[in-house]
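So the chains spell out like this:
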Amino acid sequence: MAEHENYTSYLAEEYVIQEEPFYLPVGDEIELFEVAYSQNLPVLLKGPTGTGKTRFVEYMSYRKSIPLMTIACHEDLTASDLVGRYLLEGDETRWVDGPLARAVKAGAICYLDEIVEARKDTTVLIHPLTDHRRILPIDKRGEVLEAHDGFQLVVSYNPGYQSALKDLKHSTRQRFMALELTHPPADLEARIVQHESGVSEEMSVALAKLGEKARNLKDHGLQEGVGTRLLIYAGKLIARGIAPRRACQVAVTWALTDDQQVQRSVDEVVNSIFE
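Note that the structure is a prediction, hence the values are computed from the model and not measured.

Regarding a nonpolar patch on the surface
In step 1: Together, L237, I242, V250 and W254 give the surface a local cluster of nonpolar side chains, amounting to about 310 Å² of exposed area.
In step 2: The residue V250 is located in helix α11 (residues 244–256) in this model.

This is the structure:
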């Protein structure tokens, strides 16, 4: 217990979010997350790029005053990267806990962002933490860590990028309660864009309209709709004096696709809004 307390104190200084992140709920996701946390249920966040998955986790971490450890998953992520490894120090070796082990000990939220990017043999490592056992085996040390009462595992992925090679295994996904975070309605998205970018209310409404219209192009060659993040980027450029059409071209059109025909389609939407 003393070791857990030391970790909690350390993480409280390093990983507790001090300022409230701006987040506007789209549905009942806050209530559902809080119930999941109270029942020790791991959470899977599903949604397109730029719909606020990471911001939502940060907001819930702040709301519940729980340390947050975020891990960006990638194909080279190993079990040692999560659990820990021995490091050489002079003539001796020293064990250093990985972020997952530290979160387990401290009762933090461990957020694995874009879980499908991680190797399959790495994702299997989290299975014992997602059921009634709530344990993390550390084979290299012959130890089994029991999760602190406050620990919660949260993972995210973008269903739009599913493929035969990069999809979430059913043996993994069926261990989580799933929340779908979608693009917010236009009025809510306008408020988000205005707050985050500093543009006027009128301009934020126009940018939200752009997002709504451009998402309809998904059936015409656009692989994924415009995320709120890109609208915010465009808004930040506009707020600093860049012409709206040019701002949308570099922050939205060119960021979305390299297909010139699709780019022209997006530009037509932009030009119809910002005449």
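Observations regarding unusual backbone geometry
In step 1: Phi at N40 is positive, roughly 60 degrees, even though this residue is not glycine.
In step 2: The topology assignment puts N40 in the loop between α2 (29–38) and β1 (43–46).
In step 3: We classify N40 as partly exposed; its relative accessible area is 36%.
In step 4: Residue E114 is not a glycine yet carries a positive backbone phi of 55 degrees.

Observations regarding the environment of V270
In step 1: Secondary-structure assignment places V270 in helix α12 (residues 260–273).
In step 2: Remark: the alpha-carbon pair of V270 and G211, spanning 59 residues in sequence, is separated by 9.6 Å.
In step 3: In contact with V270, other than residues within four places in its own chain, are L210, R245, C248 and T253.

With respect to the sheet that holds strand β8 (residues 152–157)
In step 1: The 5 strands lie next to each other as β2-β5-β8-β1-β9, forming an open sheet whose pairing is parallel. Of all the strands in the sheet, just β2 (68–72) and β9 (177–180) have a single pairing partner and so form its edges. Each strand of the sheet is rotated relative to its neighbour by a mean of 20 degrees, with strand direction disregarded.
In step 2: The sheet contact formed by strand β5 (residues 109–113) and β8 spans 4 bridges and is parallel.

Focus: the side chain of D267
In step 1: With respect to the helices and strands, the residue D267 is situated in helix α12.
In step 2: The buried charged residue D267 lacks any salt bridge, with R264 as its nearest oppositely charged partner at 8.0 Å.
In step 3: Of note is the side chain of D267, whose polar atom sits 3.0 Å from the side chain of T253.
In step 4: If near-sequence neighbours (up to four positions away) are discounted, D267 is found in contact with Q249 and T253.

About the thresholds
Residues numbered from 1 in each chain as written. Predicted model: local features only at pLDDT ≥ 70, side-chain atom pairs only at ≥ 80, totals over all residues. Heavy atoms only, no water. Patch = residues over 30% accessible without salt bridge, like charges linked within 9 Å, V, L, I, M, F, W, Y side chains within 5 Å. Areas by Shrake-Rupley, 256 points an atom, 1.4 Å probe, with all protein chains shown as cover. Salt bridge = Lys/Arg side-chain N within 4 Å of Asp/Glu carboxyl O. Helix = DSSP H or I, 4+ residues; strand = E, 2+ residues; numbered from the N terminus. Buried < 20%, exposed > 50% of the residue type's maximum accessible area, 1.4 Å probe, protein only. Contact = heavy atoms within 4.5 Å. Pairing = 2+ DSSP bridges. Axes fitted to C-alpha atoms, helices over the stretch in contact; angles between N-to-C directions. Lys, Arg positive; Asp, Glu negative; His and termini not counted. Polar contact = N/O pair within 3.5 Å; in protein donor to acceptor, adjacent residues only side chain to side chain.

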